[in-house]
Amino acid sequence: MKFFIDTANLDDIKEAQDLGVLDGVTTNPSLMAKEGISGQQNIIAHYNAICAIVDGDVSAEVIGTNYQEIINEGLELAKLDDKIVVKVPMIKDGIKAIKYFSKEGIKTNCTLVFSAGQALSAAKAGATYVSPFLGRLDDISTDGLGLIEEIRLIYDNYGYTTQILAASIRHAMHMVNCAKIGADVTTSPLSAITALIKHPLTDSGLAQFLSDHTKAAGRP
């Protein structure tokens, strides 16, 4: 399973990249705003900065909501770097745009997916990735992981190559459970990625080993 980081913070991206487990980045307008990035030129410069750090795909989201706006924005974003994946909302004009981008060989990420039917539509249009938001479903007492299972079954039934990019990850157990189910990718904050590494028994065990080594070496 691939690990993407869901942020526009360059320091967090660099830390995840240096950790050696990062496969890509997802962003959205909210994450850009959180970092104080505004204005089209600044946003484009920020995408370029992200692409300079990572080796894998970088999802860059369009703002337009009609077909021509999505196409125009997506084409401009795709020109920035081969790593750019055009992130398109799950709406009717978005599906039409994904079909266009697919024919042009431009990678896409269909975002804001909350049902298996939406995921099926995105796959039929040729999306590279589909992003079901499992955390937001959990927030309203709906089974987000169950949606991932449904999409996995449908894609496997018919051989769709669209990758399931589990989004809105809240914690490390979301990532582990997505791996069990068969999600192709999870995208999460840095905290969820680093939490996978931590365990209190590892910490206490290492402390004991170091203490015993100090005693065996005859040190006070």
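Residues numbered from 1 in each chain as written. Predicted model: local features only at pLDDT ≥ 70, side-chain atom pairs only at ≥ 80, totals over all residues. Heavy atoms only, no water.

(A) Helix H1 (residues 10–19), seen in detail. Listing the buried residues of H1 in full gives Ile13, Ala16 and Gln17. End-on view of H1: buried residues confined to an arc of 100 degrees, all on one side of the axis. Turned more than 90 degrees away from the buried face of H1 sit Asp11 and Asp18, all of them exposed. Buried residues belonging to H1 abut strand S1 (2–6), strand S2 (24–26), helix H3 (40–53) and helix H10 (190–195). (Buried < 20%, exposed > 50% of the residue type's maximum accessible area, 1.4 Å probe, protein only. Helix = DSSP H or I, 4+ residues; strand = E, 2+ residues; numbered from the N terminus. Arc of directions from axis to C-beta. Contact = heavy atoms within 4.5 Å.)

(B) Fine view of helix H11 (residues 200–216). An ideal rise of 1.5 Å per residue puts 24 Å on 17 residues; H11 measures up with 24 Å between its terminal C-alpha atoms. One or two positions beyond H11, positive phi appears at Gly218, with a value near 75 degrees. (Expected span 1.5 Å × (residues − 1).)

(C) Representation of the pairing of strand S3 (residues 57–61) within the structure. When you tally the buried positions in S3, you get 5 out of 5 residues, the bulk of the element. A two-sided burial pattern is seen for S3, the buried positions comprising Asp57, Ser59 and Glu61 on one face and Val58 and Ala60 on the other. With 3 bridges joining them, S2 and S3 adopt parallel strand pairing. In the strand pairing of S3, Val25 is matched with Val58. The pairing of S3 with strand S4 (residues 84–89) spans 4 bridges and is parallel. (Pairing = 2+ DSSP bridges.)

(D) Here's a closer look at the nonpolar core. In this structure, Ile5, Ile13, Val25, Phe101, Cys110 and Tyr155 are the most contacted members of the largest nonpolar core, which totals 56 residues. At 6 residues, helix H8 (residues 144–158) tops the list of elements feeding residues into this core. Every residue in contact with Ile13, bar those within four places of it in the chain, is listed here: Ile5, Thr7, Ala8, Leu22, Val25, Ile50, Ile53 and Val54. Of all hydrophobic cores here, the second largest spans 5 residues; its members include Phe4, Val85, Tyr129 and Leu165. (Core = buried A, V, L, I, M, F, W, Y, C linked by side-chain atoms within 4.5 Å.)

(E) Expanded view of unusual backbone geometry. We note that Ser141 has phi near 60 degrees; this positive angle belongs to a residue other than glycine. Examined against the element boundaries, Ser141 turns out to sit in the loop between helix H7 (134–139) and H8. Looking at Ser141, the relative accessible area reads 74%, which means it is exposed. For Ser168, which is not glycine, the phi torsion reads 55 degrees and is therefore positive. Its place among the elements puts Ser168 in the loop between strand S7 (163–166) and helix H9 (172–181).

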